[in-house]
Amino acid sequence: MAQTTDQRYRVTPVRPQSRQYPFPLNLYQSAVGRKWVMAITGIGLIGFVLVHMVGNLHVYEGPAGMHKYAESLRTLGNGLIPKGAVLWLLRVGLLGMFVLHLHSAITLSRMSGNASENAGRISGAKKYEGGRDHVAATFASRTMRWTGPIIALFLFYHLADLTWGWWLGDAFVPGDPYHNVSTSLGNLPVAVLYVVANVALAWHIFHGAWSMFQSLGVNNPRYNQLRRGLATFLAGLILVGNLSFPILTQAGLINEDKRYCPIGEIEGNACLAEQALDH
Amino acid sequence: MSSGHSETINVTLKVWRQEGPNENGGFEVHQQTISTDASFLEMLDQLNEQLNEVGTEPLAFESDCREGICGTCGVMINGRAHGPQTATATCQLHMREFHDGDEIVVEPFRAAGFPVIRDLAVDRSPLDRIIESGGYISVNTGAASDANLTPVPKAAADMAFDAAACIGCGACVAACPNSAAQLFTSAKIGHLGLLPQGQAERWSRTENMVETMEEFFGSCTNHGECSAACPKEISLDFIAFMNRDYVKAKIKNRALAGQH
Ligand code: SF4
Ligand code: FES
């Protein structure tokens, strides 16, 4: 009989347990495991962003330096495997990490939404009608679900811009990244877009690079203080490096005056390649 | 406030009233004149006496020990779980934390895992489900063993004690924008997982408790709101400990670890 009162208020699970897949797939079934995936793919993606930023600093060496850098990416692991293979492997890995990071983010926020929306109230989606006070959460941690999609949209724009050349049309010259960068970022609205997106990226990393330590359970009072510092440093470094490109292009530091070869010089950029050798 | 002597203040209370789990609720406004020496719950008691006198249904809220050790009380006060004072439960909050003329908004702890029973009282039984799923620890029964038979390193004992301070109030869930119960669950996992007595079932306990938690609550994004709201100031370190142990539990060869 005591059961009746229990029954009345028994709380129904928002996410009933399902049958477990074999290891390691079962890790991805749980939210805690999924946060590991987010953290590990996050590390990979931050690594990419760092390498990408550092590599692009070659743009300050002028068209030939940039060309040489772009060419060295294509010839990574040369002699061992066909040209471009390593680059393609990296791209596939990157895409995989990006998809996993995104998928876990979307499913986990849906899970949290189910656990908090409409809570205690039949209508209205707000958790607290009377508003709530945030004490510990930072601006960055609370905007992860905004900065994330901004970065994803920007990524698409950026690939279409400087990899596929959709927006530049005839002005896009495959194999002459210096020309493409200076043309695209020379356009003020585009430069502003790059600035906004990279600020979002830095915010995202500011929380993410700290949060991943918690998700992975990397926690030791001896160095816990360093975790915040590292996240701030990474976010700052990426912010400064990446913002320099649109800003300095606008300032006239990246422009075609530095060029000795005609834009998009013929077959295989022979002139650029030669200049690069002299460099 | 710090002058040490009491005064009487007037506050406007905006309290959540809801007749049952499936009813729509809303705020009700009441004026209260109260001594700053009164506790927050005494103020609600006073309100209920007044409501009784005029024959209206009193406000439902929970409390038991009224000294911060049982975890029964707990409401959202001006958007903060357990109110503005840190490291205290609602029952330990006093009216001296407020000023004459303040408006005080009082809402129940909210989460899908904490359905409202009535007014400010919520059903926190999913926390019990998590504890249940943790199961038992193996101890020898029979004659009482000698004291200090099991050596416990001081550091581990201290840490386990910190975790064991959790009173299961649910403020962590209420304060969390994701309605995640990570702080509570990790405190429970931590206090057994750190002690020698908890080692035999360490991995299965972690697995079961985490998976039960995920049935009812959201996913942690490391905001840290839980720890800031926690009356016992449970540390986020326990969440990291739980996250590490959960994945270890999945990977571990338990037969060779001699643990379950
Ligand atoms: S961890 Fe703190 S806030 Fe959460 S239930 Fe335990 S005592 Fe309450
Ligand atoms: S009534 Fe026991 S903790 Fe508040």
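Bear in mind the structure is a predicted one, so any value in this text is a computation, not a measurement.

**Quick word on the domain arrangement of chain B**
Residues and elements named next belong to chain B. For chain B, the assigned domains read domain 1 (8-118) and domain 2 (124-258). Between the C-alpha centres of domain 1 and domain 2 there is a distance of 30 Å. Contacts between the two partners involve 19 residues from domain 1 and, on the opposite side, 20 residues from domain 2. When domain 1 packs against domain 2, the two sides together hide about 1,400 Å² of surface, and 60% of this comes from carbon and sulfur. Applying the counting criterion to the domain 1 and domain 2 interface returns 1 salt bridge. Between Arg124 and Glu62 there is a salt bridge whose closest N-O contact spans 3.2 Å. Where domain 1 touches domain 2, the interface holds 4 residue pairs in polar contact (both at pLDDT 80 or more).

**Observations regarding the sheet that holds strand S1 (residues 8-17) of chain B**
Residue and element names in this part refer to chain B. If you trace the 5 strands from one edge of the open sheet to the other, you get S2-S1-S5-S3-S4, paired in mixed fashion. Two strands bound the open sheet, and with one partner strand each, they are strand S2 (26-35) and strand S4 (80-81). Relative to strand S5 (residues 103-107), S1 runs parallel, the two sharing 4 bridges. What sits directly across from Leu13, in S5, is Ile104. Across the face of the sheet, helix H1 (residues 40-53) comes into contact with S1, S2, strand S3 (76-77) and S5 while running at roughly 110° to S2.

**Considerations on helix H4 (residues 63-74) of chain A**
If you check H4 of chain A, its first and last C-alpha atoms are 17 Å apart, about what 12 residues at 1.5 Å a residue would give, namely 16 Å. Of the positions making up H4 of chain A, those classed as buried are Pro63, Ala64, Gly65, Met66, His67, Tyr69 and Ala70 of chain A.

**Quick look at the site of ligand 1**
Around ligand 1 sit Cys166, Ile167, Gly168, Cys169, Gly170, Ala171, Cys172, Leu183, Phe184, Cys230, Pro231 and Ile234 of chain B, and those are all the residues in its vicinity. When residues of the shell around ligand 1 are traced back to their parent elements, those giving at least two are helix H4 (171-175) and helix H5 (182-193) of chain B.

**So, the interface of chain A and chain B**
Taken together, the contact pairs 54 residues of chain A with 61 residues of chain B. Here chain A meets chain B over a buried area of about 4,700 Å², counting both sides, of which 53% is carbon and sulfur. Linking chain A with chain B are 3 salt bridges, by the criterion used here. Between Arg132 of chain A and Glu225 of chain B there is a salt bridge, with the nearest N and O atoms lying 3.5 Å from each other. Here chain A is connected to chain B by 34 residue pairs in polar contact (both at pLDDT 80 or more).

**Focus on the nonpolar core**
Across soluble globular proteins, nonpolar side chains show a tendency to be buried alongside one another. Ile205 of chain A together with Ala81, Phe114, Met213 and Phe217 of chain B are the most contacted members of the largest nonpolar core, which has 62 residues in total. In terms of residue count, helix H9 (residues 188-215) of chain A provides more of this core than any other element does, 8 residues in total. Viewed by domain, this core spans two of them, domain 1 (8-118) and domain 2 (124-258) of chain B, each represented by three or more residues. Excluding residues within four positions of it along the chain, Ala81 of chain B makes contact with Val75, Met76, Phe109, Ala171, Ala174, Ala175 and Ala229 of chain B.

**Some details on the packing of helix H6 (residues 202-216) of chain B against helix H8 (residues 237-251) of chain B**
All names here are of chain B. For the pair H6 and H8, interaxial distance at closest approach is 9 Å and the crossing angle is 110°. It follows from the interaxial angle that H6 and H8 lie roughly perpendicular. Note on packing geometry: the crossing formed by H6 with H8 is left-handed. Contact residues: Arg202, Trp203, Thr206, Glu207, Val210, Glu211 and Met213 in H6; Phe241, Met242, Asp245, Tyr246, Lys248, Ala249 and Lys250 in H8. Along the lines of polarity and charge, the residues of the contact of H6 with H8 split into 7 nonpolar, 1 polar and 6 charged.

**Some thoughts on the pairing of S5 of chain B**
Residues and elements named next belong to chain B. Counting buried positions along S5 yields 4 of 5 residues, so the element is predominantly enclosed. Of the pairings in the sheet, the one linking S3 to S5 comprises 2 bridges and is antiparallel in character. What sits directly across from Met76, in S5, is Glu107.

**Side note on the packing of aromatic side chains**
Residues and elements named next belong to chain A. The full count for this structure, using the stated rule, is 14 aromatic pairs over all chains. Seen in terms of ring centroids, Phe156 and Trp166 are 5.9 Å apart; in terms of plane orientation they differ by 80°. Their pairing is edge-to-face. Here Phe156 is found in helix H7 (residues 144-162), whereas its partner Trp166 is found in the loop between H7 and helix H8 (177-185), with 10 residues between them in sequence. Here Phe156 falls in the partly exposed class, since its relative accessible area comes to 44%. One aromatic cluster in this structure is built from Phe154, Phe156, Tyr157, Trp164, Trp166, Trp167 and Tyr194. Over the face of the ring belonging to Trp88 we find Arg91, whose NZ or CZ atom lies 4.7 Å from the ring centre.

**Let's talk about helix H5 (residues 85-116) of chain A**
Counted at 1.5 Å a residue, the expected span for H5 of chain A with its 32 residues is 46 Å, and the 46 Å between its end C-alpha atoms agrees. Residues of H5 of chain A that are buried: Val86, Leu87, His101, Ser104, Thr107, Leu108, Met111, Ser112, Gly113, Ala115 and Ser116 of chain A. Buried residues along H5 of chain A sit in contact with helix H2 (25-29), helix H3 (31-56), H4, H7 and H9 of chain A together with H6 of chain B.

**Here we look at the pattern of salt bridges**
Inspection of every chain in the model, using the stated rule, returns 17 salt bridges over all chains. What you see here is one network of salt bridges that share partners, running through Glu207, Glu211, Lys250 and Arg254 of chain B.

**Description of a nonpolar patch on the surface**
Residues and elements named next belong to chain A. Taken together, the side chains of Phe156, Trp164, Trp166 and Trp167 define a hydrophobic patch exposed on the protein surface, amounting to about 490 Å² of accessible area. As for its position among the elements, Trp164 is in the loop between H7 and H8. Overall, the relative accessible area of 42% leaves Trp164 in the partly exposed class.

Reading the values: the criteria
Each chain carries its own residue numbering, running from 1 in the direction its sequence is written. The lettering of chains begins at A and the numbering of ligands begins at 1, in the order of writing. At least 70 in pLDDT is required for a residue's local features to be given in this predicted model, at least 80 for side-chain atom pairs to be given and counted, and no such filter applies to totals for whole chains, interfaces and linings, which use all residues. Computation of side-chain values covers all heavy atoms of the structure but excludes hydrogens and water. Domain start and end points were adopted from an automatic or database domain assignment. Pairs of residues are marked as contacts when any of their non-hydrogen atoms sit within 4.5 Å. Accessible surface is computed with a 1.4 Å probe, and the buried area is the amount of it that two parts give up when combined, taken over both parts together. Criterion for a salt bridge: a side-chain nitrogen of Lys or Arg within 4 Å of a carboxyl oxygen of Asp or Glu. Polar contact is defined as a pair of N or O atoms within 3.5 Å, subject to the rule that within protein one atom must be able to donate a hydrogen and the other to accept it, and that residues adjacent in sequence are counted only when both atoms are side-chain atoms. Paired strands are those between which DSSP finds at least two bridges. Only DSSP runs of H or I reaching four residues or more are called helices, and only runs of E reaching two or more are called strands; each is numbered from the N terminus. Note on method: axes are straight lines fitted to C-alpha atoms, helices fitted across the in-contact stretch only, with angles between N-to-C directions ranging 0 to 180 degrees. Working rule for helices: expected span equals 1.5 Å times residues minus one. The cut-offs for exposure are 20% and 50% of the maximum accessible area for each residue type, with area from a 1.4 Å probe on protein chains only; residues under the lower value are buried, those over the upper are exposed, and the others partly exposed. Throughout, near means a residue has at least one heavy atom within 4 Å of the molecule or strand. What is meant by a nonpolar core is a set of buried Ala, Val, Leu, Ile, Met, Phe, Trp, Tyr and Cys residues, joined one to another through side-chain atoms within 4.5 Å. With respect to orientation, any angle under 35 degrees is reported as roughly parallel, any angle over 145 as roughly antiparallel, any angle of 65 to 115 as roughly perpendicular, and every other angle as oblique. With the far helix as reference, a near helix turned anticlockwise by less than a right angle produces a left-handed crossing, and one turned clockwise produces a right-handed crossing. Polarity classes work like this: nonpolar for Ala, Val, Leu, Ile, Met, Phe, Trp, Tyr, Cys and Pro, charged for Asp, Glu, Lys and Arg, and polar for all others, with Gly in that last group. Any pair of Phe, Tyr and Trp rings, taking the six-membered ring for Trp, is counted once the centres come within 6.5 Å. Such a pair is stacked with planes under 30 degrees apart, edge-to-face with planes over 60 apart, and tilted for the rest. Two conditions define a charge sitting above a ring: the NZ of Lys or the CZ of Arg must be within 6 Å of the ring centre, and it must be within 35 degrees of the ring normal. Patch building starts from residues that exceed 30% relative accessible area and form no salt bridge, then joins like charges within 9 Å and nonpolar side chains (Val, Leu, Ile, Met, Phe, Trp, Tyr) within 5 Å. Only the protein chains shown count as cover for residues, and the accessible areas themselves come from Shrake-Rupley with a 1.4 Å probe.

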